[in-house]
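Architecture and fold: a report
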Amino acid sequence: MTRTRPLAKTPYRNGGKRILDLGLCTMSLPFVVPLIAILALLVALTGHSPFYTQNRVGQHGRIFKMWKLRSMIHNSDLLLKAHLDENPSAREEWQRAQKLKSDPRITAFGSLLRRTSMDELPQIWNVLRGEMSLVGPRPMLISQEPLYPGQDYYDMRPGISGNWQVSARNDSSFKDRALFDATYNEAMSFPEDIRILKDTFGVVLRAKGQ
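For the structure given in this document, a descriptive report is provided here. Computed from a predicted model, the values in this text were never measured in an experiment. Starting from 1, residues in each chain are numbered consecutively following that chain's sequence as written. Reporting of local features is limited, given that this is a predicted model, to residues whose pLDDT is at least 70; pairs of side-chain atoms are given and counted only at 80 or more, and all residues count toward the totals for whole chains, interfaces and linings. As a rule here, side-chain values come from all non-hydrogen atoms in the structure, and water together with hydrogens is ignored.

1. Considering the packing of helix 2 (residues 76-86) against helix 3 (residues 88-97)
Lines are fitted to the C-alpha atoms to define the axes, a helix being fitted only along its stretch in contact, and any angle between axes, read from their N-to-C directions, falls within 0 to 180 degrees. Each helix is a run of DSSP H or I of at least 4 residues and each strand a run of E of at least 2, with the numbering of both proceeding from the N terminus. In contact at an axis separation of 5 Å, helix 2 and helix 3 are set at 120° when each is read in the N-to-C sense. Contact with helix 2, carried on its side by Leu80, His83, Leu84, Asp85 and Glu86, involves Pro88, Ala90, Arg91 and Trp94 of helix 3 and no other residues of that element. Each residue gets one label: Ala, Val, Leu, Ile, Met, Phe, Trp, Tyr, Cys and Pro are nonpolar, Asp, Glu, Lys and Arg are charged, and the others, such as Gly, are polar. A class-by-class count of the residues in the contact of helix 2 with helix 3 yields five nonpolar, one polar and three charged. Note on contacts: a residue pair is in contact if any heavy atoms of the two residues lie within 4.5 Å.

2. Describing unusual backbone geometry
Positive phi outside glycine occurs at histidine 60, with the angle close to 60°. Its location among the elements puts histidine 60 in the loop between strand 1 (51-57) and strand 2 (63-69). With relative accessibility at 52%, the residue histidine 60 sits in the exposed group. The phi dihedral of serine 117 is positive, around 65°, even though this residue is not glycine. Its place among the elements puts serine 117 in the loop between helix 4 (108-115) and helix 5 (123-128). In this structure serine 117 comes out as buried when scored by relative accessible area, which is 15%. Relative accessible area decides the class of each residue, using a 1.4 Å probe on protein chains only: under 20% of the type maximum gives buried, over 50% gives exposed, and in between gives partly exposed.

3. A look at the layout of surface pockets
The way it works is a 1 Å grid over only the protein atoms, where trapped points that fit a 1.4 Å probe form a cavity and open points with protein on both sides within 12 Å along at least five of seven lines form a pocket, and then any residue with an atom within 4 Å of a point lines it. Grid points are joined across faces, edges and corners, and a volume is the space filled by probe spheres set on the points. Counted as a void, the largest pocket has a volume near 1000 Å³. Where the lining of the largest pocket is concerned, the elements lending two or more residues are strand 1, strand 2, helix 2 and helix 4. No other element matches the four residues that helix 2 contributes to the lining of the largest pocket. Among the residues making up the lining of the largest pocket, the classes are represented as 13 nonpolar, 13 polar and 15 charged. As a volume, the second largest pocket reaches approximately 660 Å³.

Written as structure tokens, this is what we have:
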């Protein structure tokens, strides 16, 4: 997937978006930090360490550690491999979407966190560090890079939310994300980010995450 024309170098793209990220994150800290602390305590009470970090691909291909509240059991990669080996239909779903609608690795409380997207709250730290944005493409795993058919992802900071999350989040293939990323990269603007953030609240309230 190649771009047919260069992207406009707008003030928002070249600095305004970062100012919006810092402003909204800073204002949210008095509310978000206590909420993260409460959720982390609840995760710890289930017998799991509350936070989880994972290497993801950032803007221009830089690798960074993305933070999440833990929603999976320990040794989840081993369980996933065994599950896919034993279930051909699950393997096909994983290869198409890079996720499972019925994932045996997710804990009961983790399922609630994922449905409400509250497991993503610690990524505000990534936004403050400049590794992510409030709105952008969903951060890719390093192993997923060969599966991604576009280049728009690398132009932008990955986002806590984005076009894909508020559109066909649970019904699209992994490759489809490139189309959502390309559309957003072309349309990036203050009104577009406000629209996506507003729609994100609707997704969270309907508990449509996965």
